[in-house]
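# Structural characterization, general
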Amino acid sequence: MAQDDRIIAPGGTIGIVGGGQLGRMTALAAASLGYRCHIFCPENDSPAAQVAAEATVAPYEDTGALDRFAASVDVVTYEFENLPTPSFARMGALVPVRPHWRCLETTQDRVTEKDFVNAQGIPTAPYRAVDGPQALARALEELGRPAILKTTRLGYDGKGQVAIRDGDDPAEAWERMGGGAGILEGFVAFEREISAIVARGIDGTMANFDIVWNEHRDHILAATHAPAPIPAAQAREAMEISRRLAEALDLVGLLAVEMFVAPGGRLLVNELAARPHNSGHWTIDACVSSQFEQLVRAVAGLPLGDPGRHSDAVMENLLGDAIDAWPALLAEPGTKLHLYGKAQARPGRKMGHATRLYPLDSTIA
Ligand code: AMP
């Protein structure tokens, strides 16, 4: 797909679709480079709008509002995947959309995404698309148990996922997932979960951050350790996978690739995100250029920054009431606190994060 190679100099306006913490941190990085941001999202007083020059509050399907938004910015990017692609195609006629909306089309459906990854010769967990309880029962025969049933779309942080073990009834699992289109994945007894984040500029230049180890609790990212305590060759392989995928997508922006380290050390791709990623928040405090700065540079058509790590880091997500620890976190030497400006601390809601910094190469086990 051809990318428009327009360059947006500092002083220009970056449109961000989505108003969450990823948009907030992108807008802050954009401001540091002299850009203005305009946020488009359906919620009032969103975390991103609180720190941006302008905000449009309208549904993602409101074509009139989208047209006005696209006409008022120099480039559009997005911080969230579950968006209607026709809305982006429409904006793409008016202004560059980076990454291209076709990247979203590939990554917002788990089946399309895994088909794409496998087509690049990169392995994933075994999977089958399933459209009902009968198809699920057949897929379970083929893949065996345990297995994980997921919705193909609109799933994140473990929402819409059901583990199926020996004795579980497929029809009941289908009900619990909530119906619709599904994907059954073979269960990976992974050694570790890691992720690679790569930035790619309009000229195809790429810059990787160091590979990190991600710890999940209840399917939600709890902590990221940078760098991942893995052999150097495995880290290189993970970076190479992210670069091949970014290139195949002809992506301009950021690509986050979540991977399982399967028994024996084989890397299996779990999920892609063509946007900033929670497992890259550590880069704000521990790298020369953060993932958010790289995104701004890439979508503006500027040269990418230096992704080099100057400190080791452990990023902890502050979910729900964990935010109440802010006074203690503020007092901790070597810790940087980031709060997202969300009024209500619902259980599991990402309210902020804390990054603990350590001397370089001190955290590798
Ligand atoms: P996902 O929404 O696909 O990122 O899944 C959330 C989390 O569920 C992952 O980070 C893993 O911890 C776990 N998980 C997802 N898929 C699998 C799988 N096929 N095998 C084992 N664990 C999985």
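Moving on: the packing of aromatic side chains. Applying the stated criterion across every chain, the model contains 5 aromatic pairs. Between F40 and F69, the aromatic rings sit 5.2 Å apart at their centres with planes inclined by 65°, giving edge-to-face as the arrangement. Here F40, found in strand β2 (residues 36–41), pairs with F69, found in helix α2 (residues 63–71); they are 29 residues apart in sequence, far enough to count as distant. For the pair shown, F40 and F69 are each scored as buried. Positioned above the aromatic ring of W101 is the side chain of R102, whose terminal nitrogen or guanidinium carbon lies 5.0 Å from the ring centre. Over the ring of W213 we find R192, and its NZ or CZ is 4.6 Å from the ring centre.

Our next topic: the nonpolar core. Among soluble globular proteins, nonpolar side chains are generally buried collectively. Ranked by internal contacts, the top residues of the largest apolar core, which has 82 residues, are F88, L245 and L255. Counting the residues that make up this core, at least three belong to each of domain 1 (13–107) and domain 3 (192–358). Leave out the neighbours within four places in its chain, and L255 touches A196, I197, V198, S242, L245, A246, L249, L272, A273 and A274. With 14 residues, the next largest nonpolar core counts V130, W174, M177 and L184 among its residues.

Pairing is antiparallel in the open sheet, where 4 strands are placed in the order β5-β8-β6-β7. At either end of the open sheet lies a strand with only one pairing partner, and these are β5 (127–130) and β7 (161–164). With strand direction ignored, the average angle separating the axes of adjacent strands in the sheet is 20°. Here helix α6 (residues 133–143) sits on the sheet and contacts β5, β6 (147–151), β7 and β8 (182–186); the angle it forms with β5, its principal contact strand, is near 170°.

What follows concerns helix α7 (residues 170–177). Residues spaced three or four apart along an α-helix point in a common direction, a consequence of the helix completing one turn every 3.6 residues. Residues of α7 that are buried include every one of P170, A173, W174 and M177, and no others. Buried residues in α7, looked at end-on, bunch into an arc of 100°, giving them a common side. Facing away from the buried side of α7 by more than 90 degrees, the exposed set consists of E175 and R176. Residues of α7 that are buried in the fold lie against β5, α6, β6, β7 and β8. A positive backbone phi angle near 105° is found at G178, which sits one or two residues after α7.

Let us look at the site of the ligand. Around the ligand, the surrounding shell holds 16 residues, and the nearest of these are K150, Q161, V188, E193 and E271. Contact distances for the ligand include 3.4 Å between an oxygen atom and a side-chain N or O atom of H216. For the ligand, whose free accessible area comes to 480 Å², the fraction covered by protein is 94%. Secondary structure elements with two or more residues in the shell around the ligand: β6, β8, β13 (253–261) and β14 (267–273). In terms of residue class, the shell around the ligand is made up of 5 nonpolar, 5 polar and 6 charged. Both of domain 2 (126–186) and domain 3 (192–358) provide at least three residues apiece to the shell around the ligand.

On to the packing of α2 against helix α3 (residues 85–92). For the pair α2 and α3, interaxial distance at closest approach is 9 Å and the crossing angle is 40°. Here α2 is positioned oblique relative to α3, judged by the angle of their axes. The two elements α2 and α3 cross, and the hand of that crossing is right-handed. Residues T63, L66, D67, F69 and A70 of α2 form the contact with α3, whose own contacting residues are S87, R90 and M91.

Rules and cut-offs
- Residues numbered from 1 in each chain as written.
- Predicted model: local features only at pLDDT ≥ 70, side-chain atom pairs only at ≥ 80, totals over all residues.
- Heavy atoms only, no water.
- Phe/Tyr/Trp six-rings, centres within 6.5 Å; stacked < 30°, edge-to-face > 60°.
- Helix = DSSP H or I, 4+ residues; strand = E, 2+ residues; numbered from the N terminus.
- Buried < 20%, exposed > 50% of the residue type's maximum accessible area, 1.4 Å probe, protein only.
- Lys NZ or Arg CZ within 6 Å of the ring centre and 35° of its normal.
- Core = buried A, V, L, I, M, F, W, Y, C linked by side-chain atoms within 4.5 Å.
- Domains from an automatic or database assignment.
- Contact = heavy atoms within 4.5 Å.
- Pairing = 2+ DSSP bridges.
- Axes fitted to C-alpha atoms, helices over the stretch in contact; angles between N-to-C directions.
- Arc of directions from axis to C-beta.
- Near = heavy atom within 4 Å.
- Polar contact = N/O pair within 3.5 Å; in protein donor to acceptor, adjacent residues only side chain to side chain.
- Areas by Shrake-Rupley, 256 points an atom, 1.4 Å probe, with all protein chains shown as cover.
- Nonpolar A, V, L, I, M, F, W, Y, C, P; charged D, E, K, R; others polar.
- Parallel < 35°, antiparallel > 145°, perpendicular 65-115°, else oblique.
- Left-handed = near helix turned anticlockwise from the far one by under 90°.

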